[in-house]
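# Chains, contacts and geometry: an overview
Okay, here's what each chain looks like letter by letter:
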Amino acid sequence: MLKSDIVNKLVENRKMTLKQAEATVETIFGSMQDALIRSENIEIRGFGAFHTKEYGGYQGRNPKTGETIPVKPKRGLLFRTGKELKERINKAGALRDASEE
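Now for a description of the structure that goes with this document. As the structure is a prediction and not an experimental result, all values here were calculated from the model. The written sequence of each chain sets the order in which its residues are numbered from 1. Owing to the predicted nature of the model, reporting of local features is limited to residues with pLDDT of at least 70; listing and counting of side-chain atom pairs is limited to 80 or more, with chain, interface and lining totals taken over all residues. Based on all heavy atoms of the structure, the side-chain values leave hydrogens and waters out of the count.

### Brief notes about the packing of aromatic side chains
Two aromatic rings, drawn from Phe, Tyr or Trp (for Trp, its six-membered ring), form a pair once their centres lie within 6.5 Å of each other, and the interplanar angle then sorts them: stacked below 30 degrees, edge-to-face above 60, tilted otherwise. Per the counting criterion, the structure on display carries 2 aromatic pairs. Plain terms: the ring middles of F47 and F79 are 5.5 Å apart, the flat faces sit at 55° to each other, and that makes the pair tilted. Highlighted residues: F47 in the loop between β1 (42-44) and β2 (48-55) and F79 in strand β5 (residues 74-81), separated in sequence by 32 residues. Any residue under 20% of the maximum accessible area for its type is buried, any over 50% is exposed, and the rest in between are partly exposed; the area is computed with a 1.4 Å probe on protein chains only. According to the relative accessible area criterion, F47 is partly exposed, its value standing at 38%. The exposure class of F79 is partly exposed, given its relative accessible area of 38%. Ring centres of F50 and F79 lie 4.8 Å apart, and the angle between their planes is 50°; this geometry places the pair in the tilted category. Secondary structure is summarised from DSSP: a helix means a run of H or I of at least four residues, a strand means a run of E of at least two, and numbering begins at the N terminus for each.

### Observations concerning helix α2 (residues 18-37)
Take the residue count of a helix, subtract one, and multiply by 1.5 Å to get its expected span. Between the first and last C-alpha of α2 there are 28 Å, a value that for 20 residues agrees with the 28 Å anticipated at 1.5 Å per step. When α2 is considered as a whole, its buried residues turn out to be A21, V25, G30, M32, A35 and L36. Contacts are residue-level and defined by heavy atoms, with any inter-residue pair within 4.5 Å sufficient. On its buried face, α2 sits against α1 (3-14), β1, β2 and β5. Two residues or fewer past α2, S39 is found with a positive phi of approximately 65°.

### Description of the pattern of salt bridges
Note on definitions: salt bridges are taken to be side-chain nitrogens of Lys or Arg within 4 Å of carboxyl oxygens of Asp or Glu. Scanning the model with the defined rule gives 3 salt bridges in all. Its salt-bridge partner being R38, residue E40 comes within 2.9 Å of it at the nearest N-O pair. Of the charged contacts, one joins R45 and E43 as a salt bridge, the two residues approaching to 3.0 Å between their closest N and O atoms. By relative accessible area, R45 is classed as exposed at 73%. Judged by its relative accessible area of 54%, E43 is exposed.

### Some thoughts on the sheet that holds β2
Across the sheet, 3 strands lie side by side as β1-β2-β5; this open sheet has antiparallel pairing. In this open sheet, the two strands that pair with only one neighbour each are β1 and β5. Between one strand axis and the next, the sheet turns through 25° on average, direction left out of account. The pairing criterion for strands is at least two bridges between them, as found by DSSP. Of the pairings in the sheet, the one linking β1 to β2 comprises 3 bridges and is antiparallel in character. Note that in β2 the partner of E43 across the bridge is A49. Axis definition: a line fitted to C-alpha atoms, limited for helices to the stretch in contact. Angles are taken between N-to-C directions and run from 0 to 180 degrees.

### What about α1?
With 12 residues, α1 ought to run about 16 Å at 1.5 Å a step, and its terminal C-alpha atoms sit 16 Å apart, in line with that. Once α1 ends, the next one or two residues include K15, with phi positive near 55°.

Written out as structure tokens, the structure reads:
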């Protein structure tokens, strides 16, 4: 699913104009990005949680040359699926597998 698909769903289901739907999606995603940049956690009940993780620098290795190279510290983004979403995904997978047999 693309961001444009989410916008189109808002237009169809909520009877918004295209501009209103685009602004809504941009506002939500922009707010989420800003929160993650500030290292704040985002929790959406029934869906999941996003959080950042700090990774320290270390000495890596170039696999082609074997040369040791320094890797700078960085932050990564992690997503943990919510219980309700995980259950729905597993239930849908079980139903699909049963219908294929």
